[in-house]
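Chain and residue survey
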Amino acid sequence: METKDSSINPNNKGKIYVTGLIQGFNKAEIRYIVEQLGFQWSTTISSLTLLIIGKNPGQNKIETADRLNIRKLSWDEFAKEYNFEVKREAKQEIVQDNNIPPQIAELITKTKNKKSQARLIAYTNLIEIEENYVTEILVKALTDELGTIRKRAMKELRKRIPEKLPYLLFELFDHHNDYVVKDSVNALIKEKYPDKIEHLTKALEIKKRGFSANKVFEELLKLSPPNLDEILVKTVKANIFKASEKAFELLKERKYPKLEEIALGAIFNTFSSKYHNYLESKGYQKHILEKALKEYDSADKSIKYMIIGKLAKYHYDERAMNLLERESNSSDKSIKSHAQHNKERAVIFKKIDPYLKLIQSVKNEDKIEGYTQIVKELGEDSFNYVKNGIRTEETNVRIAIIKLLAPYKNKYDVSSFLKRFVNDRDGKVRESVRRILYSRDKEVEEKVDKAVKLIEDLRSLTESTKTEDSEIKKKKTIIELGKMMGKKSVDSLVKLLKDENATIRGNTARALGEIGDTKAIKPLEELLETEKSDYVKQEVEEALQQLRKK
């Protein structure tokens with residue numbers, strides 16, 4: 001799309017709904033145009049700013065618009081008012097519905113109404129009988145509910161009109177059926193044709209979410225397009241799950257000059273936290289707040305949720321607190337509850353704000369001090385504000401946080417959270433977590449005894465009473481024994497190396513290797529000398545290899 005006036009401001013101008021056909025455009029292309037002009041694309045007629053009327057419009061839509069006093073414009077009137085013109089790029093002629101005679105169209109309709117297998121047979125027969133219209137029939141088959149039919153249609157069309165297939169597939173990118181879109185994306189990515197980069201770039205704007213757009217984005221990166229920055233910006237704006245996050249990171253790496261502007265535009269999308277954190281690190285707190293307050297009243301409910309969640313951080317601004325207070329009395333129960341929760345969060349943020357800034361420091365001693373002060377300030381309520389540090393910080397900070405969490409007993413299930421790190425990649429963190437878990441649970445010895453007894457019970461099963469479930473229980477129980485006790489469980493586990501059951505011996509060896517106590521080396525070496533089972537030998541050798549690295 002080219003505009004006569006490049007100063008068109010792409011701020012939110014309200015919602016648009018299109019009824020009827022617009023000559024020369026599909027819905028995906030129309031959507032792209034109206035969104036570039038700053039409108040939101042609506043799939044319902046309620047809360048509209050403008051209804052655009054094309055050829056053969058829905059009369060009920062027009063009547064509803066009249067009743068709700070919604071403004072109406074034709075496509076030409078819309079283009080004239082917003083001062084734009086669209087230059088259509090020439091593309092190869094593709095098969096249109098009006099190429100199909102009525103009798104063939106009727107046969108296709110009947111075919112689509114059949115059950116899956118009958119439909120496949122019917123299409124096959126139809127293709128063989130109506131040779132003159134086989135291409136038209138295959139094009140219709142591209143949108144069939146049955147994947148087998150769609151894939152066969154693609155295969156046949158690839159043989160008959162390979163030069164037109166990419167364009168046919170692109171037309172399906174805005175189809176209502178996600179499986180049709182998915183098949184089309186997969187097939188289009190495999191095709192080789194001159195306009196591939198251009199088509200895939202447009203596809204990002206057409207299908208904004210899910211598998212399709214993510215896969216299209218990955219394919220574009222492989223093609224190394226010359227306009228990569230432009231594609232990355234479009235991907236961030238399109239809010240395409242992982243693709244948008246990756247595009248933003250690539251723009252940062254490439255030192256894109258307008259990165260702050262792009263981040264500010266995307267901040268209240270689904271992935272706003274990434275852009276929010278980046279902007280805060282650059283000192284854009286005031287800009288974030290201004291955007292939130294400006295956009296709130298005209299935003300959809302989902303965006304309002306995100307804005308409310310962000311406003312809790314701006315406890316120092318009276319306007320932010322006033323909005324939270326206002327929405328705490330909202331007639332919408334979910335908004336009301338969310339606002340009340342974030343008003344409480346704002347009070348907490350006000351208490352710990354200086355310590356959150358310490359955590360952002362590059363110095364580990366400052367970070368540790370920040371986490372320590374938050375715990376002192378909030379007590380057990382600090383759990384949700386410090387726990388993520390175990391995942392993200394450096395070793396000595398992570399260990400300090402683990403120690404800070406150790407006294408927590410009642411309000412949060414800290415033990416369950418810490419158990420996630422008993423097999424952490426960092427050995428010092430593993431050991432720290434295991435020590436804390438052991439110190440928190442005075443009944444751990446009793447648990448070990450129960451685990452050993454369970455293994456004894458499982459051992460007593462005869463060949464006739466063994467089940468797949470019992471074998472799984474053996475493995476899980478032994479591994480859990482190691483996790484519960486760490487090095488404290490070694491003596492108990494060593495006894496199991498003499499078990500008659502090879503499964504128990506093998507899994508015990510694995511558990512000992514993971515625990516990492518070198519006193520298990522000798523018993524494992526002794527077992528290796530006498531062991532006959534190849535499976536157990538392999539587990540023992542791997543465990544010894546782990547232990548000898550200590």
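These numbers come from a predicted model, not from an experiment. All chains use their own residue numbering, which begins from 1 and follows the written sequence. Local features in this predicted model are restricted to residues of pLDDT 70 or higher, and side-chain atom pairs are both shown and tallied only at a pLDDT of 80 or more, whereas totals for entire chains, interfaces and linings draw on every residue. Processing note: side-chain calculations cover all non-hydrogen atoms of the structure and skip hydrogens and water entirely.

**Some points on helix α30 (residues 521-530)**
Working definition: with a 1.4 Å probe on protein chains only, accessible area under 20% of the residue-type maximum means buried, over 50% means exposed, and in between means partly exposed. Secondary structure counts use DSSP, requiring at least four H or I residues in a row for a helix and at least two E residues in a row for a strand, with both numbered from the N terminus. Of the residues making up α30, those classed as buried are Ile521, Pro523, Leu524 and Leu527. Take α30 and look down its axis: the buried residues cluster within an arc of 165°, on one side only. Exposed and oriented more than 90 degrees from the buried face of α30 are Lys522, Glu529 and Thr530. Between two residues, a contact is recorded if the distance between any of their heavy atoms is within 4.5 Å. Against α28 (490-496), α29 (502-515) and α31 (534-548) lie the buried residues of α30. The arc in question is the one traced by the directions running from the helix axis out to the C-beta atoms.

**Digging into the environment of leucine 496**
Relative to the assigned elements, leucine 496 resides in helix α28. Linking leucine 496 and asparagine 507, residues eleven residues apart in sequence, is a C-alpha distance of 9.5 Å.

**Brief notes about helix α6 (residues 134-141)**
With seven of its eight residues buried, α6 lies for the most part within the structure. Among the residues making up α6, those that are buried are Val134, Thr135, Glu136, Ile137, Leu138, Val139 and Ala141.

**Section: the pairing of strand β5 (residues 71-74)**
What makes two strands pair is DSSP finding at least two bridges between them. Sheet topology note: the strand β4 (residues 50-53)/β5 ladder contains four bridges and is parallel. Each residue of the ladder has a partner; that of isoleucine 53, found in β5, is serine 74. Note on handedness: a clockwise path from strand one over the helix to strand two, with the strands aimed away from the viewer, defines a right-handed crossover. Once the chain exits β4 it traverses helix α2 (residues 59-67) before rejoining the sheet at β5, and the crossover so formed is right-handed.

**Structural notes on the nonpolar core**
The set of buried Ala, Val, Leu, Ile, Met, Phe, Trp, Tyr and Cys residues whose side-chain atoms join them within 4.5 Å is what this entry labels a nonpolar core. The biggest cluster of nonpolar side chains holds 67 residues, and the ones touching the most others in it are Val216, Val236 and Leu311. Sequence-distant contacts of valine 236, defined by excluding residues within four places in its chain, comprise Ser244, Ala247, Phe248, Leu251, Ile262, Ala266, Asn269 and Tyr275. Of all hydrophobic cores here, the second largest spans 26 residues; its members include Ile374, Leu378, Val414 and Ile436.

**Describing the packing of helix α12 (residues 228-238) against helix α13 (residues 241-253)**
With axes taken as lines fitted to C-alpha atoms, and helix axes fitted only over the stretch in contact, angles between N-to-C directions fall between 0 and 180 degrees. α13 packs onto α12 with a crossing angle of 140° between their chain directions and a minimal axis gap of 8 Å. One element, α12, and the other, α13, form an angle in the oblique class. Once α12 is placed against α13, the crossing between them reads as left-handed. Here Asp229, Leu232, Val233, Thr235, Val236 and Ala238 of α12 lie close against α13, whose contacting residues are Ala243, Ser244, Ala247, Phe248, Leu250 and Leu251. Per-class residue counts for the contact of α12 with α13 are nine nonpolar, two polar and one charged. Oblique is the label for any angle not covered by the other classes, which are roughly parallel (under 35 degrees), roughly antiparallel (over 145) and roughly perpendicular (65 to 115). It is the rotation of the near helix from the far one that decides the hand of a crossing: anticlockwise by less than a right angle makes it left-handed, clockwise makes it right-handed. Amino acid classes used here: Ala, Val, Leu, Ile, Met, Phe, Trp, Tyr, Cys and Pro are nonpolar; Asp, Glu, Lys and Arg are charged; the rest, including Gly, are polar.

**Overview of the sheet that holds strand β3 (residues 40-41)**
With parallel pairing, four strands are arranged side by side in an open sheet as β3-β2-β4-β5. The strands lining the two open edges of the sheet, one partner per strand, are β3 and β5. Relative to the sheet, α2 contacts β2 (15-19), β4 and β5, its axis offset from that of β4 by approximately 150°.

**Quick word on the pairing of β2**
Burial analysis of β2 places four of its five residues in the buried class, which makes it a mostly covered element. Direction of pairing for β2 relative to β3: parallel, over a ladder of two bridges. Residue pairing across strands places isoleucine 16 opposite tryptophan 41, the latter belonging to β3. Bridging between β2 and β4 involves four bridges; their strand directions are parallel. Bridge pairing links valine 18 to isoleucine 52 in β4.

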